[in-house]
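# Fold and geometry: a report
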Amino acid sequence: MEELTLKIEHLCSGFFTERGYVPAVDDVSLVIPQGQVVGIVGESGCGKSMIARSVMGLLKYPGRITGGSIQLAGRELTGLPDRQMQRIRGKDMAMIFQEPMTSLNPVATVGRQMREALLLHEKMDKNAAREQVLNMLERVGISEPEKRYNAYPHELSGGLRQRVMIAMAMICMPKLLIADEPTTALDVTIEAQILRLIRDLSRQTGMSVLLISHNLGVIAQMCDAVYVMYAGKIVEQADAFTLFDSHAHPYTKGLMDSVIDLKTNPRRLPAIGGVVPNLLHLPAGCAFSPRCPLAGERCRAERPEMEQLAPGHMCRCFEGRRA
Ligand SMILES: Nc1ncnc2c1ncn2[C@@H]1O[C@H](COP(=O)(O)OP(=O)(O)OP(=O)(O)O)[C@@H](O)[C@H]1O
Ligand SMILES: [Mg+2]
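Our subject in this report is the structure included herewith. Not measured: the values here are computed from a predicted model.

## What about the sheet that holds strand 10 (residues 233–239)?
If you walk across this open sheet you meet the 8 strands as 6-7-8-3-9-10-12-11, and the pairing is mixed. At either margin of the open sheet sits one strand with a lone partner, and together these are strand 6 (93–96) and strand 11 (307–310). Adjacent strand axes in the sheet meet at a mean angle of 20 degrees, parallel and antiparallel pairs treated alike. Pairing geometry for strand 9 (residues 225–230) and strand 10, over 6 bridges, is antiparallel. Residue pairing for strand 10: A225 is matched across the bridge by D239.

Put into structure tokens, the structure is as follows:
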């Protein structure tokens, strides 16, 4: 049987606000087989980062996991005390963010903070740790690692900082790397390099990756399987080839058209009209129905369930096959 690094089942998480509970992730199930790169794609506010934070145990009040299960290599993470989650973070799973400075300490040299991250989880002497850090810096394509070891984060360019953050996340060889919009702040050439680096590291080490992006083009290049998310729910899932070749959800088609639009005419607005609905006031039927070119009466009245269209290809849409 295929080994699963991550298995999320029926995950619900949201926020307890003055106006009541705001669901942000609503009954999401997702698996990442060992060594695979799995993508989540969807517009801003659809709940992608909430999934990442739920998995990492980094949801802060008023945010909370309200249901479901998250298993990392067979071990249940929901309900674990903070101290155990801290031990798992960094060692078994690590996360990289859009803005490297959120995970780098501005007042410590690159080498020192990486060495400390390593020593927190592994028993070894300082010299061995230093060697391992230099090795990892080299592995993520940083030239003159000795020099960078002694640099402060602000002394590095954006692309180098991103590499340092990846090196930092990789230092304990986690089973799972979560990359939440890791390249949106970078220019396209550097973006391509960083993405290739993540994919190569995954191939070389067998590490699984959860890649989050609003850009279907990025997801297409990188992923084995793709989950498309809208208003807190998965609306379509398939292997990357199927998703690009024969996607069924009108929302996926909209995202796809936006990628093509951006290529031919970067200034044009994305192809899907309207905005993501307020999660407190979702429409009665399918959450996408107000924006959907195919929506009929049933779509406005009834919520569609996930349905299997082909083995491994699931879609939440009454009209899906026509998209
Ligand atoms: N503190 C909060 N209180 C209430 N709602 C929140 C809070 N933080 C985030 N949300 C809501 O949770 C939902 C999911 O947010 P999330 O950050 O997961 O979106 P995302 O898909 O990662 O978007 P982006 O592409 O912009 O990063 C959004 O609708 C957001 O408005
Ligand atoms: Mg986000």
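After that view of the structure, there is still more to cover.
## Things to note about unusual backbone geometry
Backbone torsion omega between Y61 and P62 reads 10 degrees, so that peptide bond is classified as cis. Structurally, P62 can be placed in the loop between helix 1 (48–56) and strand 4 (63–72). In this structure, A231 is a non-glycine residue whose phi angle is positive, near 45 degrees. Along the polypeptide, A231 turns up in the loop between strand 9 and strand 10.

## With respect to the nonpolar core
By size, the foremost hydrophobic cluster in this structure holds 87 residues, and its most contacted members are A167, L210 and V228. Per-element tally for this core: the top contributor is helix 6 (residues 158–170), with 8 residues. With residues near it in sequence (within four places) discarded, L210 still touches L6, I32, V38, I40, A52, L176 and I178.

## Comments concerning helix 6
Working note: α-helix, 3.6 residues per turn, so residues spaced by three or four point in the same direction. Taking 1.5 Å of rise per residue, the 13 residues of helix 6 would be expected to cover 18 Å, and the 18 Å separating its terminal C-alpha atoms lies within 8% of that figure. Among the 13 residues of helix 6, 12 are classified as buried, and the element is accordingly described as predominantly covered. Taken as a whole, helix 6 has its buried residues at G159, L160, R161, Q162, R163, V164, M165, I166, A167, M168, A169 and M170. As for helix 6, its buried residues are in contact with strand 6, helix 3 (110–121), helix 4 (126–139), strand 7 (176–180) and helix 7 (188–205).

## Overview of the site of ligand 1
Taken together, 15 residues are adjacent to ligand 1, and F15, S44, K48, S49 and M50 come closest. Elements that contribute at least two residues to the shell around ligand 1 include exactly strand 1 (4–17), strand 2 (20–33) and helix 1. Counting residues per element, the shell around ligand 1 draws most heavily on helix 1, which supplies 3 residues. Per-class residue counts for the shell around ligand 1 are 7 nonpolar, 7 polar and 1 charged.

## Describing the sheet that holds strand 1
Read from one edge to the other, the open sheet built from 4 strands follows the order 2-1-4-5, with strand pairing classed as antiparallel. On the outer flanks of this sheet lie strand 2 and strand 5 (75–76), each paired with one strand and no other. Direction of pairing for strand 4 relative to strand 5: antiparallel, over a ladder of 2 bridges. Bridge pairing in strand 5 links Q71 to E76.

## What to know about the packing of helix 6 against helix 7
Viewed as axis vectors pointing N to C, helix 6 and helix 7 meet at an angle of 15 degrees, and their least axial separation amounts to 10 Å. Relative to helix 7, the element helix 6 is oriented roughly parallel. Between helix 6 and helix 7 the crossing geometry is right-handed. Together, G159, Q162, I166 and M170 of helix 6 and I190, I194, L197, I198 and L201 of helix 7 make up the contact between the two elements. For the contact of helix 6 with helix 7, a count of residues per class yields 7 nonpolar, 2 polar and no charged.

Conventions we followed
- Residues numbered from 1 in each chain as written.
- Chains lettered and ligands numbered in written order.
- Predicted model: local features only at pLDDT ≥ 70, side-chain atom pairs only at ≥ 80, totals over all residues.
- Pairing = 2+ DSSP bridges.
- Helix = DSSP H or I, 4+ residues; strand = E, 2+ residues; numbered from the N terminus.
- Axes fitted to C-alpha atoms, helices over the stretch in contact; angles between N-to-C directions.
- Core = buried A, V, L, I, M, F, W, Y, C linked by C-beta atoms within 7 Å.
- Buried ≥ 20, exposed ≤ 12 C-beta atoms within 10 Å, placed from the backbone.
- Contact = placed C-beta atoms within 7 Å.
- Expected span 1.5 Å × (residues − 1).
- Near = placed C-beta within 6 Å.
- Nonpolar A, V, L, I, M, F, W, Y, C, P; charged D, E, K, R; others polar.
- Parallel < 35°, antiparallel > 145°, perpendicular 65-115°, else oblique.
- Left-handed = near helix turned anticlockwise from the far one by under 90°.

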